[in-house]
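An overview of the molecular structure
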Amino acid sequence: MNRDDRKPRKPPGISRRSFIKGAGVVAAAAGLVRVRPAAADEKTLPAGVVEKLGPEATTIELNINGKPATLEIEPRVTLLSALREHLGLTGTKLVCDRGACGACTVHLDGKPVTSCMVLAIDARGRQITTIEGLGTPSNMHPVQAAFVETDALQCGFCTPGMVMSVAAALERNPAATTDEIKHATAGNICRCGTYPDVFAAAFRAVKPGPAGSARSVRAAKDA
Amino acid sequence: MNRFEVITPADLASASRLLAQDGHVAFAGGVDVLDLSKQNVESPTALVNLKGLKELGGIEVRPSGELRLGAMAKLSEVAEHPAIRARFTAIAEAAGEVATPQIRNLGTVGGNILQRPRCWYFRNPDVNCLKKGGDTCYAISGLNRYHAILGGGPAFIVHPSNLAPALIAMRASATIVGPAGERTVELEKFFTLPTVDPKRENSLKSGEIVTEVIVPASPSSVRSHYLEAREKQSFDWPLVSVAIALDRAPGANTVRDARVVMGAVAPVPWRSPEAEAALKGGPLDESRARAAAEAALKDARPMSDNAYKVVIAKVIVRRAIMSVAGLEAA
């Protein structure tokens, strides 16, 4: 069976996801009207002020997944909004928008943060890694592969955040213990209740380590 | 969230000057500022960006044994700092219990002690409660299961900081810089009851900035511990928390000095001289720990829905004392 046979009803060139993404880009483009050139700011800075942004949109550069991205945003725009609505990186999910659910977790300089509680302008000069930058469908990060292999999701909405939290924990300690994994994902809520499968996926991605690591505990249980 | 400017001052004096202007709020980790702004409880016209001010950064254990926490130090850095864990244990434990790993990577020491209360009436933009200039604390006749059991009135919020009880138990002071220069204030006296001003939780004045928290050197005989009870295991606001610091002579079981400070029970971090006195009365054992816990809640005045917090507080205080004293429950 070839690709076309698999999805016979999909209209060519447009999907629900690409339509929504397209609508977001249109909305972002509408915001460009209020852009004020950054050069104007420098001339009018009051004494004792090194930078004054907004409230109008301003031009900033971010480093996302190893690549520079230039965008026009108001200073109030969160990193999450910048990623999803301005750059089309919709893998990072918006759920609570208050830093309470973990769905929007990205890495800032390697550390997990809730991107809804970070202003995009504050992420300038820092290495931003999103779920898209962690791995691709053809070249998955070991944690992403482990989630697939263990079927560690139901609706999947919390999954990018879960993966980012687990990946950060394993970056800190490749032989992370069960407690470390639980602690690292404490800020990620899954309303489908897939926690046991998430932990199972994490165990799968943990490198075999000394006694006490999640992998060796798991191995001991399975034995 | 309304539109605002983000202004980065060149130095501390400029930051102070900017913060004295109406509608300007301090922007450190940004977690509570963004939360309040998204909720339309606050509508700042400008955020004064404190990142990059060198006076606010860093964590340092000085040769004297004194601990300096820059106001911009991240909670995750405090929680993981080996020297803080070893010598100022309650502070590291309290920082490690704040919110989630993601928030601890953003939130700062200064932001944690200055955050606004979590009361659902205060955080509701449609409710003009006493803390927002209205004339009523709606917790009195409304839903109050997370509200004050000690020191309440005329507002019945509880102070939300995990870190503050631990810092007060370890005798910390805050360095504050403002238009009138620099001042140092014991954290215990920095927080103010609603009887002073129901709209505020501390004595920070317009244009003032907390730059650092200083914790005096702690004798090696001092043991400290932070413990909290909460509804959800993974992360949650505490129902009740307590920080204990105990000083016992080496090899002896009598308490030379004790500090007992509870969180989430009162509009300020609540130090209990009654519990401290009970601990100092004789050999430390389970019955003394129990007596101290009873003493800590002696003056509790629960509201309609939160008498359970009195019970939990007694258990948490007793357990924390037992743990820091190395005692097993009978």
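Residues numbered from 1 in each chain as written. Chains lettered and ligands numbered in written order. Predicted model: local features only at pLDDT ≥ 70, side-chain atom pairs only at ≥ 80, totals over all residues.

1. Structural notes on the overall build of chain A
When you go through chain A residue by residue, the secondary structure sums to 10 helices and six strands. For chain A, with 223 residues in total, the buried portion stands at 40%. (Helix = DSSP H or I, 4+ residues; strand = E, 2+ residues; numbered from the N terminus. Buried ≥ 20, exposed ≤ 12 C-beta atoms within 10 Å, placed from the backbone.)

2. What about the pairing of strand β9 (residues 222-229) of chain B?
On a regular strand, each side chain points to the face opposite its neighbour's, so the side chains alternate between the two faces of the sheet. Residues and elements named next belong to chain B. By the criterion of burial, β9 is predominantly enclosed, with six of the eight residues buried. Bridge analysis of β9 against strand β10 (residues 240-248) gives eight bridges, and the strand direction is antiparallel. Note on β10: the bridge partner recorded for A229 is V240. (Pairing = 2+ DSSP bridges.)

3. Here we look at the domain arrangement of chain B
Residue and element names in this part refer to chain B. Under the domain assignment, chain B is made up of domain 1 (54-114 + 158-215) and domain 2 (222-324). Taken together, the 25 residues of domain 1 in the interface contact 23 residues of domain 2. Among the elements of the structure, α5 (89-96) and α8 (163-169) are those that each provide at least two residues to the side of domain 1 that touches domain 2. No other element matches α8, which puts five residues into the side of domain 1 that touches domain 2. Taken together, the residues that form the side of domain 1 that touches domain 2 break down as 15 nonpolar, six polar and four charged. (Domains from an automatic or database assignment. Contact = placed C-beta atoms within 7 Å. Nonpolar A, V, L, I, M, F, W, Y, C, P; charged D, E, K, R; others polar.)

4. Examining the pairing of strand β8 (residues 209-215) of chain B
Residue and element names in this part refer to chain B. Along β8, six of the seven residues are buried, which leaves the element largely enclosed by surrounding structure. Here strand β5 (residues 67-70) runs beside β8; their pairing, made up of four bridges, is antiparallel. What sits directly across from L69, in β8, is V213. With five bridges connecting them, strand β6 (residues 173-178) and β8 associate as antiparallel partners. Paired with T175 across the two strands is E212, which belongs to β8.

5. Some remarks on the interface of chain B and chain A
Facing 25 residues of chain B, the contacting portion of chain A comprises 29 residues. Breaking the side of chain B that touches chain A down by element, the ones donating at least two residues are β1 (5-9), α1 (12-19), α2 (31-38) and α6 (101-104) of chain B. Looking at which element gives the most residues to the side of chain B that touches chain A, the answer is β1 of chain B, with five residues. Taken together, the residues that form the side of chain B that touches chain A break down as 12 nonpolar, seven polar and six charged.

6. As for the confidence of the model for chain B
Mean pLDDT over chain B: 96, with 100% of residues reaching 70 or higher. Confidence estimates for the predicted assembly give a pTM of 0.91 and an ipTM of 0.95. (pLDDT = per-residue confidence, 0-100.)

7. Overview of the sheet that holds β10 of chain B
Residue and element names in this part refer to chain B. Reading across from one edge, β9-β10-β11-β12 is the order of the four strands in this open sheet, with antiparallel pairing throughout. The open sheet is flanked by β9 and β12 (270-271), the only strands paired with a single partner. With two bridges joining them, strand β11 (residues 255-263) and β12 adopt antiparallel strand pairing. When the sheet's bridge partners are listed, V261 is paired in β12 with R271. Along the sheet, α5 contacts β9 and β10; its crossing angle with β9, the most-contacted strand, is approximately 20°. (Axes fitted to C-alpha atoms, helices over the stretch in contact; angles between N-to-C directions.)

8. Observations concerning the sheet that holds β5 of chain B
Residues and elements named next belong to chain B. Read from one edge to the other, the open sheet built from five strands follows the order β4-β5-β8-β6-β7, with strand pairing classed as antiparallel. The open sheet has two edge strands with one neighbour each: β4 (59-61) and β7 (181-186). Neighbour-to-neighbour, the strand axes of this sheet turn through a mean angle of 20°, independent of strand direction. Two elements, β6 and β7, share six bridges in a ladder whose sense is antiparallel. Residue pairing in the sheet places T175 in a bridge with T184 of β7. Packing of α1 onto the sheet brings it into contact with β6 and β8, and relative to β8 it is tilted by some 125°.

9. Considering the domain arrangement of chain A
How large an interface is tends to be reported as the accessible area lost when its parts come together. All names here are of chain A. Here chain A is described as being made up of domain 1 (3-131) and domain 2 (142-222). At the junction of the two partners, domain 1 supplies 15 residues and domain 2 supplies 12 residues. Counting only elements with at least two residues in the side of domain 1 that touches domain 2, the list comes to β4 (105-108) and β5 (111-114). In terms of residue count, the dominant contributor to the side of domain 1 that touches domain 2 is β4 (three residues). Here the residues of the side of domain 1 that touches domain 2 are counted per class, giving seven nonpolar, six polar and two charged.

10. Re the confidence of the model for chain A
On average, chain A scores 84 in pLDDT, and the residues at 70 or more come to 74%. Confidence drops under pLDDT 50 across residues 219-223 of chain A; counting only partners more than four residues distant or on other chains, this segment forms zero contacts.

11. Section: α2 of chain B
Residue and element names in this part refer to chain B. Burial analysis of α2 places six of its eight residues in the buried class, which makes it a mostly covered element. Buried within α2 are the following residues: V31, D32, V33, L34, D35 and L36. Lining the buried residues of α2 we find β2 (24-27), β3 (46-49), α6 and α7 (109-114). N40 lies just past α2 and shows a positive phi near 60°.

12. Quick notes on the nonpolar core
Membership of the largest hydrophobic core comes to 171 residues, with the highest contact counts inside it found for V166 of chain A together with I91, L167, V265, A292 and V317 of chain B. Ignoring any residue separated from it by four or fewer positions in sequence, one finds V166 of chain A in contact with V143, I181, A184, T185, A202 and A205 of chain A. (Core = buried A, V, L, I, M, F, W, Y, C linked by C-beta atoms within 7 Å.)

13. Quick notes on α5 of chain B
For an α-helix, 3.6 residues make a turn, and residues three or four places apart therefore share a direction. Residues and elements named next belong to chain B. The buried fraction of α5 amounts to seven of the eight residues, a majority that puts the element mostly inside the structure. Along α5, the residues classified as buried are T89, A90, I91, A92, E93, A94 and A95. In this structure, the buried side of α5 is in contact with α3 (75-80), α4 (82-87), α8, β8, β9 and β10.

14. A few points about the packing of helix α6 (residues 142-150) of chain A against helix α7 (residues 159-172) of chain A
Residue and element names in this part refer to chain A. Following both chains from N to C, one finds α6 and α7 inclined at 130°, their axes separated by 9 Å at the closest point. It follows from the interaxial angle that α6 and α7 lie oblique. In the crossing of α6 with α7, the sense of the turn from one axis to the other is right-handed. In contact with V143, Q144 and F147 of α6, α7 contributes T159, V163, V166, A167 and L170. Of the residues assigned to the contact of α6 with α7, the class counts are six nonpolar, two polar and no charged. (Parallel < 35°, antiparallel > 145°, perpendicular 65-115°, else oblique. Left-handed = near helix turned anticlockwise from the far one by under 90°.)

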